[in-house]
Amino acid sequence: MSLSRCGALGMLIWMAACSGGSAGPVSGLEVPELEGSEPGAPEPAALLEVVPEPSLEGMEPEVREVLRAASQSLTQLSSERIASGGEEDARRLAEIYGQNGLLYHGFGLEGAAAMCYRNASRLNPMEPKWLYLSAILSQGHRDLEAAAGLFGQVLGLDPAHVPSLLRSAEVFRLQGRADEAEARFQRILDDPTLSAHPGARPYALWGLAKLANAQGKAERVVELLRSAISQQPEADALFHALASAHRRLGDREQAAEASSKAGAQAARFEDPWSELIRPAEGATAQLLLGNAQLRVGNPQAALSYHRRAHRLNPQDPAAARALALTLEELGQTAESLELYAEAGRLSAANPLYLYDWARAAMKAGTAPEQVAPELERALAAAPDFLNGHLLLATCRTRMGEVEAAMESLQRALELSPGEPRATVALAGLWARRAHQSLSDGDVASTLQFLKKAVELAPTEVSLRLDLGSVLMSSGAFKDAAEHLQAALASDPRGDLAREIRLKLVEALLFSGRAEDGGAILMAWLERPGPSVAVLTLAAQWLAVGPETLRDERRAAQLAQQGFETQATPEGAETMALVLSAAGDFATAILWQERLVEQIQSLQADGRTLRRLERNLKRYRDGRRGLAPWQVSEPAEKDPADHQP
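Residues numbered from 1 in each chain as written. Predicted model: local features only at pLDDT ≥ 70, side-chain atom pairs only at ≥ 80, totals over all residues. Heavy atoms only, no water.

Peer 1: Explain the overall build of the protein chain residue by residue, including any values.
Peer 2: If you tally the helices and strands in the protein chain, you get 32 helices and 0 strands. Scored against the burial criterion, the 644 residues of the protein chain give a buried share of 48%. In the protein chain, 55% of the contacts between residues at least 6 apart in sequence involve partners at least 24 apart. For the protein chain, the accessible area works out to roughly 30600 Å², and carbon and sulfur atoms hold 50% of it. (Helix = DSSP H or I, 4+ residues; strand = E, 2+ residues; numbered from the N terminus. Buried < 20%, exposed > 50% of the residue type's maximum accessible area, 1.4 Å probe, protein only. Contact = heavy atoms within 4.5 Å. Areas by Shrake-Rupley, 256 points an atom, 1.4 Å probe, with all protein chains shown as cover.)

Peer 1: Mind laying out the packing of aromatic side chains, listing which residues take part and the relevant values?
Peer 2: One pass over the full model with this rule turns up 8 aromatic pairs. Centre to centre, the rings of Tyr203 and Phe269 are 4.8 Å apart; their planes meet at 80°, and the pair counts as edge-to-face. With Tyr203 in helix 10 (residues 200-214) and Phe269 in the loop between helix 13 (252-261) and helix 14 (282-295), the pair connects residues that are 66 residues apart, well separated along the chain. With relative accessibility at 13%, the residue Phe269 sits in the buried group. With 5.4 Å between their ring centres and 35° between their planes, Trp430 and Phe449 make a pair best called tilted. Of this pair, Trp430 sits in helix 22 (residues 420-439) while Phe449 sits in helix 23 (residues 443-456), placing them 19 residues apart in sequence. Through successive ring pairs, a cluster of aromatic residues spans Tyr132, Phe151 and Trp273. (Phe/Tyr/Trp six-rings, centres within 6.5 Å; stacked < 30°, edge-to-face > 60°.)

Peer 1: How would you sum up the packing of helix 24 (residues 461-473) against helix 25 (residues 477-490)? Please name residues and give values.
Peer 2: It is the contact of helix 24 with helix 25, at a shortest axis distance of 8 Å, that shows an interaxial angle of 160°. In terms of orientation, helix 24 lies roughly antiparallel with respect to helix 25. Relative to helix 25, helix 24 is oriented so that their crossing is left-handed. From helix 24, Val461, Arg464, Leu465, Leu467, Gly468, Leu471 and Met472 reach across to helix 25, where they touch Phe477, Asp479, Ala480, His483, Leu484, Ala486, Ala487 and Ser490. (Axes fitted to C-alpha atoms, helices over the stretch in contact; angles between N-to-C directions. Parallel < 35°, antiparallel > 145°, perpendicular 65-115°, else oblique. Left-handed = near helix turned anticlockwise from the far one by under 90°.)

Peer 1: Just give me the short version of the environment of Glu403, but keep the residues and values in it.
Peer 2: The residue Glu403 is located in helix 21 (residues 402-415) in this model. Relative accessible area serves as the criterion here: at 46%, Glu403 is assigned to the partly exposed category. Separated by 30 residues in sequence, Glu403 and Arg433 have C-alpha atoms that sit 9.6 Å apart. Of the polar contacts made by the side chain of Glu403, one reaches the side chain of Arg433; its length is 3.2 Å. (Polar contact = N/O pair within 3.5 Å; in protein donor to acceptor, adjacent residues only side chain to side chain.)

Peer 1: Run through the packing of helix 29 (residues 552-565) against helix 30 (residues 569-581), naming residues and quoting values.
Peer 2: The interhelical angle for the contact between helix 29 and helix 30, taken along N-to-C directions, is 160°, at an axis separation of 9 Å. Here helix 30 runs roughly antiparallel to helix 29, going by the angle between their axes. Handedness of the crossing formed by helix 29 with helix 30: left-handed. Note on element contacts: helix 30 touches helix 29 through Gly571, Ala572, Thr574, Met575, Val578 and Ala581, opposite Glu552, Ala555, Ala556, Ala559, Gln560 and Phe563. Looking at the contact of helix 29 with helix 30 residue by residue, the class counts come to 8 nonpolar, 3 polar and 1 charged. (Nonpolar A, V, L, I, M, F, W, Y, C, P; charged D, E, K, R; others polar.)

Peer 1: Outline helix 4 (residues 110-123), listing residues and values.
Peer 2: With 14 residues, helix 4 extends 20 Å from end C-alpha to end C-alpha; this agrees with the ideal 20 Å at 1.5 Å per step. Along helix 4, the residues that are buried comprise Ala112, Ala113, Ala114, Cys116, Tyr117, Asn119, Ala120, Ser121 and Leu123. (Expected span 1.5 Å × (residues − 1).)

Peer 1: I'd love a proper account of unusual backbone geometry, names of residues and values included.
Peer 2: One non-glycine residue, Arg142, adopts positive backbone phi at about 60°. With respect to the secondary-structure elements, Arg142 resides in the loop between helix 5 (128-140) and helix 6 (144-157).

Peer 1: Quick one: what's the story with the pattern of salt bridges, residue by residue and with numbers?
Peer 2: For the structure on display, the rule yields 24 salt bridges. One salt bridge in this structure joins Arg396 and Glu376, with 3.4 Å as the shortest N-O distance. With Arg396 in helix 20 (residues 386-398) and Glu376 in helix 19 (residues 368-381), the pair connects residues that are 20 residues apart, well separated along the chain. Residues joined by salt bridges that share partners form a network here, namely Glu49, Arg118 and Arg122. (Salt bridge = Lys/Arg side-chain N within 4 Å of Asp/Glu carboxyl O.)

This is the structure:
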C-alpha cells in the first residue's frame, strides 16, 4: 500500500500501536486530576499544550502526508475532553505524544517536538526519556539554563544515566561552571561502571581537556587528548585541539603532525535516546509506519514500508534490522539473516545486532558452534547484556558444554536475580547432571544436584518427582513424602499427578505413615481404571494393614486382578501375602518359594531377597506375612523380621 493511500490511517495505526491498544479512537484515554494526587502522578489534560500543525513547506509529499496525519491526530487528542481514568492510560497517551515528538524532531520541527515532549513528561513524569530529549532541544538552542535543569531532572530519576552526566557536564562548561563540569567529567572517569559506557571515557577526557585549555594548562591538555585519542582513534577532530596545545608549548613538529591527522569526527559516546531522532526524511516515515504495521500483526503491509526505508537509507542499521524482523516474521529466513548480519556490520559496537543474528540463526537451525562465537563477541562488548547470556547458555547446552552453559546462566542471574528463564534453565541443567550421576551409580551426587534444581525451581513438579523417587530409592521416605506432597500441591491435576500420587502413597507407607497412605489409596481405588501398581498396593494394605480396616476377600480380588493384568514379581509377592492373610499358608509358601528362586536366579539386590525369605519363614511358621513397607509387629522376637 502506498503512503498516498494509507496516509492518516497508517499514522493512527502507528499511534494506537504505540499506546499498546488497537487502532480505535484514543479519546477515551483518561488522565487523573492533579488535586490530591501523589507526587509524580500524571498531570491533568487541562495542562497539556495544544500542538499546532507545523509548517510543512519544502518537504517531500510522503513526509508531508505522515506529518499532517500526526498533527491532525494530536489536535483531536488536545481538543477532546479526556476524563480521569488512571496512570496506565496516561502512560499510553504520553507514549503517543513522545513518539510524535520524535517524528517532528527528526524532521527538524523542533517547536512542535518540544511541545510533544513536554506533554509526554507531564503525563508520565517517571519516564526520563522525554525530559532528556527536551534537554537536547534546549541545549541545541543554547538555552543552557533550561538544558541544565532538564538534565538534572533526568538524573533525579536515574543518577547513573551516563549520557545525561556527560551532556550536563558540557552544559556546565559552557555556562562557566567549571568546577561542576570538572567534577561531573571526573566522576565518569573514577567510576568503573560509568566509564564502561561505550565512548564515555574519551568524551569525558575531551571535556576535561577543554576545561584545561580554558585555564591555559597546555601540558595537561596534551596529556588528556592523547589519552582520549588512544581510546577513540576515529575521533580525529581532537587533533585540532592537540595541535593547538603543542603550538602553545612551542612543539612545532608535533603540532604539524597533529594537524596532518585532524578531521571532522569529534569524540562520541553511545546515546540510544538521541539516536531515536533520525532526520532521514522519507526513510524515517517509512520505518515508523512499517514498525506500526508489524506491531499490529500485519507483516505483509510492513514489508513494503521497511523495504523502502532500507532502500532510502541503506546505512541505517535500524532500517536493516526492521526489514530483517519483518522478513523473519514472514518466514524468509535466509534474507533476514543476511540483513541482521548487515545491521551488525553497520553498528559493530551495538551488541543487539549480533544478538539478533544469533537468535534468528538458532531458530533457523544454524549449528550452535557457529552461533556461539558471535554471541561471545556481543558479550565482550556488552558484558551486562542479559539476553545474550541466556542465548549463549542455550548454545552451550546444545553443544554439550553443560558447565559452560551453567556459568552463562549464573551470570544472567547475577545481572537479574530471580530471572525466570535463567532459573528454569539452570534447574534443568542441574537435573541433567543429576540424571548422569544416577546412571553412573552416584546417588549422593544425584541427590545433591536434584536438591539444587528444586531450590531454583520449587514449583517444577517433574524435578520434585525425580527428587522424591531418588530419596525413596535411598531409603529417605519421610523427605521423599514432603517433596512429593509439594509437587502434588503445585499441580494437582497435571500430567504427572497420577504418578506423583502413587509415589506419595508408597513414601507414606514406607515412612511409617501407613494410615495416611492407605486413606489416599482407598480414595484412589474408587476412580475408574486403577493401575497395576495401585491394585498391588491396595491389596497389600487391605490384607495386612490396620486390623480394623482389613478386608481379605477384597484384597484377594485386587491382587488377582493386578497379577492377571501384568504378572510381575511385586504381584507374585502380593499374591502370597494375601493368601497368608486368608490363612492359606500352603499355597502362600508355593508362591513365595517360586518367587525366591526367581529372585535368586536374577541375582537381585540382597535386601529384596532377605525380605522375601523373611516372609517365607513366616508362612512356614503359620504367620501372616508383612508388606514391603511394614515393620514387624513389636511383640514378635523373630530376628529375621528385623534384618535391613
